[in-house]
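Architecture at a glance
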Amino acid sequence: LSGVQSQECTQTVQQIRNALESVGFFYICDHGISEQQQEHYLNQSRIFFSKLPMEEKKRIARKDVVGSNGYVAIGVENLDEDDRTLMDYKECMDICVTDPHSLYLSNQWPKEELLPNWKNNILDLQDKFQEIGQVLAKAFSLAMGEEEDYLSRWFPNSTSIVRLLRYPPRQDTDKKSIGCGAHSDYGFITILLQDDIGGLQILHKGEWIPAPPKKGTFVINVGDAIEMLTNGIFKATKHRVFNDSTDKERFVACLFYEPCIEFELTTCSHFKQIPDPFINNRPKTFGEHLVNRLNSTYSI
């Protein structure tokens, strides 16, 4: 993807378009982050959840549903869009890439003496993941038949979020608990780095299929905003997480690569001839859509 006019880039963009039209998920490799670096970033998730005292986690917990980031305890979220009785059996830590941001309070960081150099490591992770997001945004723009900067021009003052997650070992005795309930993501692009435990499942043609860990790769999927821009042609596919292990924790680091809140969710020119499945419930801006989805996630 480095050379927009190259034959290899054209072929890769077509492969991405095929994946987004059919499944909505794909893997990437040769992204410039070594396996050693990937393991280093996953270790930041392990360090946060295993070493930070609960008292400090509570101090930096999200203060409200929409207007803040920080720690999210087990059972606070329910991402399942169909069953509001479920409980997500996971804990999270959210950091906004744009800090300060008009939508969010300032990021909340653990005390340096408790996790030395952890903040710097997360900021490095943030920068590296954003570099991947910038390349993918160009590829997605081309896949939609637009100029390569069609999406990237909306990223100053973006709402992008780094999220670290820990999924405890699976508890089969609790039927109302799931690692992460069935949902689509909110925005443009999700860049997911997962450990080797597994558990991510994708809803494809009515069946849940696994997206197993593949060493050295990232899992990429698109969210609601891209689906709206293409009138449903690019799929914001529902997915969920079951920790595949009953005795091991699962750790994840990801970036939700999102535009600014002013981004208008109007159909791209190349998809306007397609019937609009969102005609009765299309939000005007990404900010409106984001707030609606956040309110739904936390209204248990």
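Below or above, wherever it landed, is the structure these notes cover.

Calculation notes
- Residues numbered from 1 in each chain as written.
- Predicted model: local features only at pLDDT ≥ 70, side-chain atom pairs only at ≥ 80, totals over all residues.
- Heavy atoms only, no water.
- Helix = DSSP H or I, 4+ residues; strand = E, 2+ residues; numbered from the N terminus.
- Rg over C-alpha atoms; globule rule 2.2 N^0.38 Å.
- Buried < 20%, exposed > 50% of the residue type's maximum accessible area, 1.4 Å probe, protein only.
- Axes fitted to C-alpha atoms, helices over the stretch in contact; angles between N-to-C directions.
- Parallel < 35°, antiparallel > 145°, perpendicular 65-115°, else oblique.
- Left-handed = near helix turned anticlockwise from the far one by under 90°.
- Contact = heavy atoms within 4.5 Å.
- Nonpolar A, V, L, I, M, F, W, Y, C, P; charged D, E, K, R; others polar.
- Pairing = 2+ DSSP bridges.
- Expected span 1.5 Å × (residues − 1).
- Arc of directions from axis to C-beta.
- Polar contact = N/O pair within 3.5 Å; in protein donor to acceptor, adjacent residues only side chain to side chain.

Helix and strand counts for the protein come out as 6 helices and 13 strands. For the protein, whose C-alpha radius of gyration is 18 Å, the value lies close to the compact-globule estimate of 19 Å for 300 residues. Here the C-alpha coordinates of the protein stretch approximately 55 × 40 × 40 Å along the principal axes. Looking at the 300 residues of the protein, the share that counts as buried comes to 54%.

Okay, the packing of helix H2 (residues 35–51) against helix H4 (residues 118–143) next. Where H2 meets H4, the axes come as close as 10 Å, and the angle between the chain directions of the two elements is 135°. Here H4 runs oblique to H2, going by the angle between their axes. Classified by chirality, the crossing of H4 by H2 is left-handed. On H4, the residues touching Gln37, His40, Tyr41, Gln44, Ile47 and Phe48 of H2 are Trp118, Asn121, Ile122, Asp124, Leu125, Lys128 and Phe129. In terms of residue class, the contact of H2 with H4 is made up of 7 nonpolar, 4 polar and 2 charged.

Pairing in this open sheet of 4 strands is antiparallel, and the strands run S7-S12-S9-S10 from one edge to the other. Edge strands, defined here as strands with exactly one partner in the open sheet, are strand S7 (180–183) and strand S10 (207–210). For this sheet, the mean angle separating the axes of adjacent strands, direction not counted, is 25°. Where S7 and strand S12 (residues 239–241) come together, 2 bridges link them in antiparallel fashion. By the bridge assignment, cysteine 180 is partnered in S12 with valine 241.

Attention now goes to helix H1 (residues 7–22). Between its first and last C-alpha, H1 extends 23 Å over 16 residues, near the 22 Å set by a 1.5 Å rise per residue. Taken together, the buried positions of H1 are Cys9, Val13, Ile16, Ala19 and Leu20. Looking straight down H1, one finds its buried side chains confined to an arc of 120°; they lie on one side. Opposite the packed face of H1, turned more than 90 degrees from it, sit the exposed residues Gln7 and Gln15. In this structure, the buried residues of H1 make contact with strand S1 (25–28), H4 and strand S11 (218–222). Once H1 finishes, glycine 24 follows within two positions and takes phi at roughly 85°, a positive value.

The subject of this paragraph is the sheet that holds strand S13 (residues 250–257). Spatial ordering of the open sheet is given by S1-S11-S8-S13-S5-S4-S2, a layout of 7 strands whose pairing is antiparallel. For this open sheet the edge positions go to S1 and strand S2 (71–72), each flanked by a neighbour on one side alone. Note: strand S8 (residues 189–194) against S13, 6 bridges, orientation antiparallel. Counted as the bridge partner of isoleucine 191 is leucine 255 from S13.

Tracing the chain through its elements places histidine 101 in the loop between strand S4 (91–96) and H4. Looking at histidine 101, its side chain comes within polar contact range of the main-chain nitrogen of leucine 103, at 2.9 Å. For histidine 101, the side chain forms a polar contact with the main-chain oxygen of asparagine 157, separated by 3.2 Å. Filtering out sequence-adjacent residues up to four positions away, histidine 101 remains in contact with Cys96, Asn157, Ser158, Thr159 and Ile261.

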